[in-house]
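Examining the three-dimensional arrangement
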Amino acid sequence: MNADQPVDLIVRSRRILTTNGWLDGAIEIRGGWISATATPDPSTPVQHPTARTIDVGNHLVLPGLVDSHAHIREPGFTDKEDWAHGSAAALAGGVTTVVDMPNVNPPPNTVERFLAHRALAQAGARSDFAHNVAGTVPSEIAGLADAGAAAFKVFMVRDARRTYPHMPGIAVDDHAELLAVCEAVATTGKVLMVHPHDSSLGELYSQRAIAQWGRGPVSYARSLRMNDGLVMDTGIATMLLLQRATGVRLHLLHVSTPNGIAMIRAAKAEGRAVTAEANPFHMLVVNSMATIERHGPFAMGQWLPEAHAEALWAAVLDGTIDVIGSDHTPHTRAEKEPGWQDMFATPGGSPTIQHYLSLLLTAAAEGQISVERIVELCATAPARLLGWAGRKGSIQVGADADLVVVDPDAQATIREADVLSKCGWTILDGRPVTGVPTMTIRRGEVAMVDGTVLATPGSGRHVTA
Ligand SMILES: [Zn+2]
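These numbers come from a predicted model, not from an experiment.

**Some words on helix α3 (residues 138–146)**
Looking only at α3, the buried set comprises Glu 140, Ile 141, Leu 144 and Ala 145. One side of α3 carries all its buried residues, which in axial view fall inside an arc of 135°. Opposite the buried face of α3, at more than 90 degrees from it, the exposed residues are Ser 139 and Asp 146. Here the buried face of α3 lies against α2 (111–124), β8 (128–134), β9 (151–155) and α4 (175–188). Looking at the residues trailing α3, positive phi occurs at Gly 148, about 110°.

In structure tokens, the structure reads:
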């Protein structure tokens, strides 16, 4: 940041969402950062002899999204996603910073592996980026934090019937090992992100569901919601107790069960260092059995019964949920297709990163959530969680000029042909949306216009706290 740098871009709009609220005015950008926000006097419009001005009129200018939960698959699984494709999809969707998850091969659970992992991301990323590393080796945790890990991630799940996506090296389900991980991460001050699960209950419910309903996607969907999602709630309860014992900053991922939400709400009311994430697909796509029946393995993941979706929405709106992460989870069609016969042996998840802002803007247009709350959940809060407050996820002087311009009234239809993720499919094909990102600006450079990504691989920058 240097105030002597020339102004190189001015972005004008009648509706800019700054940290001080909506502004009818302009953002002045020098060397990639925001040097001023101003309400221009109409008689003296903001101008600068060397600066380019982009006037977006009535379109909204929002902070670029910070996605703290994306599966980019590099290294090891680049047949389904890599940084060049995943970050292009991100920029098309208004995401300017992508933080990936460590279930890659080899998983970044040592400093040496993390530095190699980061070098691959640096070569491919068009967006800015950082990494949630595997916090599975307690002796490596302090070194990983010093080397620039954004946060740590642990899956409390070992796959019994498949070897992916929860392979050794990323999963810890032994409570004593989990305690050691919590203690080690607590000393770093970083966040421990946890996929809450109970492996033995998961196996029991799988057996019961298979006996009752067979191996298809609907049976799998129901298995995870038996006893109201006890397989996930047991994981949440365990982690909340370990958090109390160690003081670690605990971030619970893809929360979606009423009892889990109640436990998190109670922990937060005690002022404990607990935050929670919701996924846009849980809120807006897989909240109907009809979607599961129609798209089968391509929609799985998870299914949210009506009462669970209602509890999740209440938590999103009342602040129990802090962050929305995309949980962008690309797999190839060939991996997904056998799930029609046996979902229990098929990897879960769907690609989401390109479309979740549009899905949420559509919900805003329908009055379900405000644009301000979307920005808090998708940009400001994840940046704060990772120690980037004031630099990422907000429009204010001194922040990186990461912006997404949105036409909130645009009616569009999501098309699979437009998917930029390497996996090449979406279950959202044909879905109408209201509100689309029309331009993404990453550190003062126009990185996407009307769906065309201009930023090149390697132009993204690693973000550190
Ligand atoms: Zn995930």
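The structure having been displayed, the exposition proceeds.
**Remarks on helix α7 (residues 230–246)**
In this model, α7 (17 residues) spans 24 Å end to end at C-alpha, consistent with the 24 Å of a helix rising 1.5 Å per residue. Across the 17 residues that make up α7, a large majority, 12, are buried. Every buried residue of α7 is accounted for by Leu 230, Val 231, Met 232, Asp 233, Thr 234, Gly 235, Ile 236, Met 239, Leu 240, Leu 242, Gln 243 and Thr 246. Buried residues belonging to α7 abut α4, β10 (191–195), α5 (199–213), β11 (249–252), α8 (258–269) and β12 (274–278). Phi turns positive, to about 75°, at Gly 247, one or two residues after α7.

**Considering the sheet that holds β9**
Strand order in this open sheet of eight strands is β6-β7-β8-β9-β10-β11-β12-β13, and the pairing throughout is parallel. Lying at the two open borders of the sheet, with one neighbouring strand each, are β6 (65–70) and β13 (323–324). Here β10 runs beside β11; their pairing, made up of four bridges, is parallel. Pairing of Val 194 across the sheet is with Leu 252, part of β11.

**Describing the domain arrangement of the protein**
When cut into domains, the protein gives domain 1 (9–61 + 399–453) and domain 2 (65–385). Summarising the inter-unit geometry, the C-alpha centres of domain 1 and domain 2 are found 28 Å apart. Listed per partner, the contact involves 27 residues of domain 1 and 38 residues of domain 2. Those elements that provide at least two residues to the side of domain 1 that touches domain 2 are β14 (403–413), β15 (432–442) and β16 (445–449). Of the residues forming the side of domain 1 that touches domain 2, the biggest block, seven residues, is contributed by β15. Here the residues of the side of domain 1 that touches domain 2 sort into 18 nonpolar, six polar and three charged.

**Some points on the pairing of strand β1 (residues 9–18)**
As judged from the four bridges shared by β1 and strand β4 (residues 52–55), these two strands associate in the parallel manner. When the sheet's bridge partners are listed, Arg 12 is paired in β4 with Asp 55. Where β1 meets strand β2 (residues 21–30), eight bridges bridge the pair, whose relative direction is antiparallel. Each bridged residue has a counterpart across the sheet, and for Ile 10 the counterpart in β2 is Glu 28. Where β1 folds back onto β2 in an antiparallel hairpin, the turn is made up of two residues.

Parameters at a glance
- Counting starts from 1 at the beginning of each chain's written sequence and moves along it residue by residue.
- Per-residue local features are limited, in this predicted model, to residues with pLDDT of at least 70; the limit for side-chain atom pairs, both in listing and counting, is 80 or more; totals at the level of whole chains, interfaces and linings are taken over all residues.
- Residue burial here comes from a neighbour count, namely the number of other C-beta atoms, placed from the backbone, that lie within 10 Å of the residue's own C-beta, with 20 or more meaning buried, 12 or fewer meaning exposed, and in between meaning partly exposed.
- Helix and strand assignments come from DSSP, with helices taken as H or I runs of at least 4 residues and strands as E runs of at least 2, each series counted from the N terminus.
- What the arc measures is the spread of directions leading from the helix axis to the C-beta atoms.
- A pair of residues counts as a contact when their C-beta atoms, built from backbone coordinates, are separated by no more than 7 Å.
- Expected helix span is computed as 1.5 Å times (number of residues minus one).
- At least two DSSP bridges between two strands are needed for those strands to be called paired.
- Domain segmentation is taken from an automatic or database assignment of domains.
- Following the grouping adopted for this structure description, the nonpolar residues are Ala, Val, Leu, Ile, Met, Phe, Trp, Tyr, Cys and Pro, the charged ones are Asp, Glu, Lys and Arg, and the polar ones are all others, Gly among them.

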